[in-house]
Amino acid sequence: MNAKKLVSGCMAAFLLAGCAAGMTVQAKAKKQPVKLDQNDSYTNAFDTNAYNTNALQTDYYEVETIETKGKLSFKAAQQTSDYRLSESEWADSGCNYYFRQLNTLEKKLYLNLKTQADIYLTGADNFQTTTILRDGQQVQTPVLPMVSYQGMDTAQMKKVFSCFYFENPQYYFMRNAVIYSEKKEVMTIGLYQAFADGSQRQKYTGELAAKLFEWDEQISQKETTVEKERLIHQIVCEHTEYDYTRETVDADDARMSQSCISAILFDRATLCNGYAQFFSLLCNRAGIRCVTVTSEGHAWNKVCMGNIWYNVDCTWDDSRGDEKFLNTTDEQLRIEDSIAAEHTESEEWKGVAPSCEKAFDEKAANGKDTGADVPAPGKAAEFSVTANGKGKALIRFTKVDGCDGYSLQYAQNSSFNGAKKKTSESAEFELTGLASGKTYYFRARAYVLDQNGENVYGAYAKKVKAAVL
């Protein structure tokens, strides 16, 4: 996972030079953090009444229909799109922990959203817009191209959005907002107006790439996973300050204060989700699995080292000026948070977010994380072939649990030279177009989708020989 780097050294040098030449990154001095006694509770760090306690609740706008230019159908995007996420240098900046818990149809929606976001991130197209009703007014808002969630209910769609949004901080222009039509079974994601112009967005992406590459180089010099994670924690807390001045009534959040872009560029001031996305982005780019989890009004991280998950809260640590909330268990977090109760996970994370049960142990944390990559199906795809009419055969697979589909090869020779292929998500399908009266050889394997839409294959089952009517 995360084998690719975002930009080459020469490109990074060029981008850094561009930033120095007059791009809009601010070199704002970091304020000194609030220093608290080790026994002080978090609620003494700053005025919790200043919190927008609903800041992390997704804005859902249900409409009769969604009108945007360039509608992209769900089916077409999955079957005919030539945009490959696996070739994008940004796609591996997120995690795959939430993605792997989705079923096949949910994964496709996730990948569709990711493809559209990645096209905007790597390209220069202006954002599309649609109209929503907000506070009794018709408002134009920029959005991703519309996609379909046909075949799943609205609750599933919302679950996929949460997994995608909180697992892919690299798409800094996305708002925590969904516009959808239950009647049409289509949806899209709201975007920040500040990045609507494609050429200007390219500049911001270049600035972000340069800064990330600079930190990537520093982090890569550390020898152990724990050393890398501590440096990332230090970078996030030293580079960023909490944004007390955010206007919570701003529906579009012009300050982007729940995005990592507010923490990294501009005023380098952000809210909790900005801290969490920043930390997650650097961790995942360094090969350390990290996700964001939220409560009603707070966001923090869960990070995996040596196959063990720990809580990390950069917002709280930055307010205290220490590392008290670096690599804690769920129980430790509950004890420390007994007054504010900011770490009570929202319902969408129940059974989805990882549990943090083991106390931090540096030796264990520096062990290998064997769960980073999407595992191939552990069972071969056994199947049968039955003649089913002239030039037809019925293929039946013994279902492989957890797989997303089956790949069949067939040819008139046992070496499978010039073999044709057929992919199916169903465990049973009819194969047509076979030569009547001929004998065919068949072999098959199951696959799962990875977070970039590529098939990860299991082993071939024993080949099958069958005559066709």
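Look above for the structure.
We now turn to the structure provided with this report.

Definitions and cut-offs
- Residues numbered from 1 in each chain as written.
- Predicted model: local features only at pLDDT ≥ 70, side-chain atom pairs only at ≥ 80, totals over all residues.
- Heavy atoms only, no water.
- Pairing = 2+ DSSP bridges.
- Helix = DSSP H or I, 4+ residues; strand = E, 2+ residues; numbered from the N terminus.
- Axes fitted to C-alpha atoms, helices over the stretch in contact; angles between N-to-C directions.
- Parallel < 35°, antiparallel > 145°, perpendicular 65-115°, else oblique.
- Left-handed = near helix turned anticlockwise from the far one by under 90°.
- Contact = heavy atoms within 4.5 Å.
- Nonpolar A, V, L, I, M, F, W, Y, C, P; charged D, E, K, R; others polar.
- Phe/Tyr/Trp six-rings, centres within 6.5 Å; stacked < 30°, edge-to-face > 60°.
- Buried < 20%, exposed > 50% of the residue type's maximum accessible area, 1.4 Å probe, protein only.
- Expected span 1.5 Å × (residues − 1).
- Polar contact = N/O pair within 3.5 Å; in protein donor to acceptor, adjacent residues only side chain to side chain.
- Disulfide = S-S within 2.5 Å.
- Lys, Arg positive; Asp, Glu negative; His and termini not counted.
- Salt bridge = Lys/Arg side-chain N within 4 Å of Asp/Glu carboxyl O.

All right, on to the sheet that holds strand β12 (residues 326–328) then. The pairing of strands in a sheet happens through backbone hydrogen bonds and is either parallel or antiparallel. As summarised here, the arrangement of the four strands in space is β9-β10-β11-β12, forming an open sheet in which the pairing is antiparallel. With partners counted over all chains shown, the strands left at the sheet margins are β9 (290–294) and β12, one partner each. Within this sheet the neighbouring strands show an average axis-to-axis angle of 40°, counted without direction. Sheet topology places strand β11 (residues 308–312) next to β12; two bridges connect them, and they run antiparallel. Along β12, the bridge assignment pairs Asn-311 with Thr-328.

On to the packing of helix α5 (residues 198–220) against helix α6 (residues 225–239). Viewed as axis vectors pointing N to C, α5 and α6 meet at an angle of 140°, and their least axial separation amounts to 10 Å. Judged by the angle between their axes, α5 and α6 are oblique. Seen from above, α5 lies across α6 with right-handed handedness. Between α5 and α6, the contacting residues are Lys-211, Trp-215, Gln-218 and Ile-219 on the first element and Lys-228, Leu-231, Ile-232, Ile-235 and His-239 on the second. For the contact of α5 with α6, a count of residues per class yields five nonpolar, two polar and two charged.

Under the criterion given, the structure shown has 31 aromatic pairs. Note on Tyr-172 and Phe-195: the rings are 5.0 Å apart at their centroids and 85° apart in plane angle, and the pair reads as edge-to-face. Residue Tyr-172 is found in the loop between α4 (154–165) and β5 (174–181), and its partner Phe-195 is found in the loop between β6 (186–191) and α5; the two are separated by 23 residues along the sequence. Each member of the pair, Tyr-172 as well as Phe-195, carries the same accessibility label: buried.

We now examine helix α3 (residues 104–122). With 19 residues, α3 should reach 27 Å at 1.5 Å per residue; the first-to-last C-alpha distance of 26 Å fits that figure. The buried fraction of α3 is high, at 16 of 19 residues. The N-cap of α3, judged by a side-chain oxygen 3.1 Å from the amide nitrogen of Leu-105 a few residues on, is Asn-103.

Within the structure shown, the criterion is met by zero disulfides. No disulfide involves Cys-237; its sulfur sits 4.6 Å from the nearest other cysteine sulfur, which is in Cys-314. Of all cysteine sulfurs in the structure, the one in Cys-95 sits closest to Cys-304, which takes part in no disulfide; the separation is 8.5 Å. In this structure Cys-304 comes out as buried when scored by relative accessible area, which is 2%.

Before going further, it helps to examine unusual backbone geometry. Trans is the common state for peptide bonds, and a negative phi is the common state for residues other than glycine. Phi is positive for Asn-327, which is not a glycine, with a value near 65°. Relative to the assigned elements, Asn-327 resides in strand β12. Here Ala-341, not a glycine, exhibits a phi torsion of approximately 50°, which is positive. Positionally, Ala-341 belongs in the loop between α10 (330–336) and α11 (362–365). For Ala-341, a relative accessible area of 41% gives the class partly exposed.

Take the side chain of Glu-229 next. For Glu-229, the position within the fold is in helix α6. No salt bridge is formed by the buried Glu-229, whose closest oppositely charged neighbour, Arg-230, lies at an N-O distance of 5.5 Å. The residues touching Glu-229, leaving out its near neighbours within four places in the chain, are Phe-279, Ile-288, Val-303, Met-305, Val-312, Leu-326 and Asn-327.

Here we take up the pairing of strand β10 (residues 299–305). By the criterion of burial, β10 is predominantly enclosed, with seven of the seven residues buried. Linkage of β9 to β10, two consecutive antiparallel strands, is achieved through a turn of four residues. Two strands pair when backbone bridges link them, and β10 and β11 are joined in this way by five bridges, in the antiparallel orientation. Looking at β11, one finds that Met-305 is bridged to Ile-308. What sits between the antiparallel neighbours β10 and β11 is a turn of two residues, in which Gly-306 has the positive phi angle 60°.

So, on to the pairing of strand β13 (residues 383–387). Both β13 and strand β14 (residues 393–397) contribute to a ladder of five bridges, which runs antiparallel. Looking at the pairing, Val-385 lines up with Ile-395 of β14.

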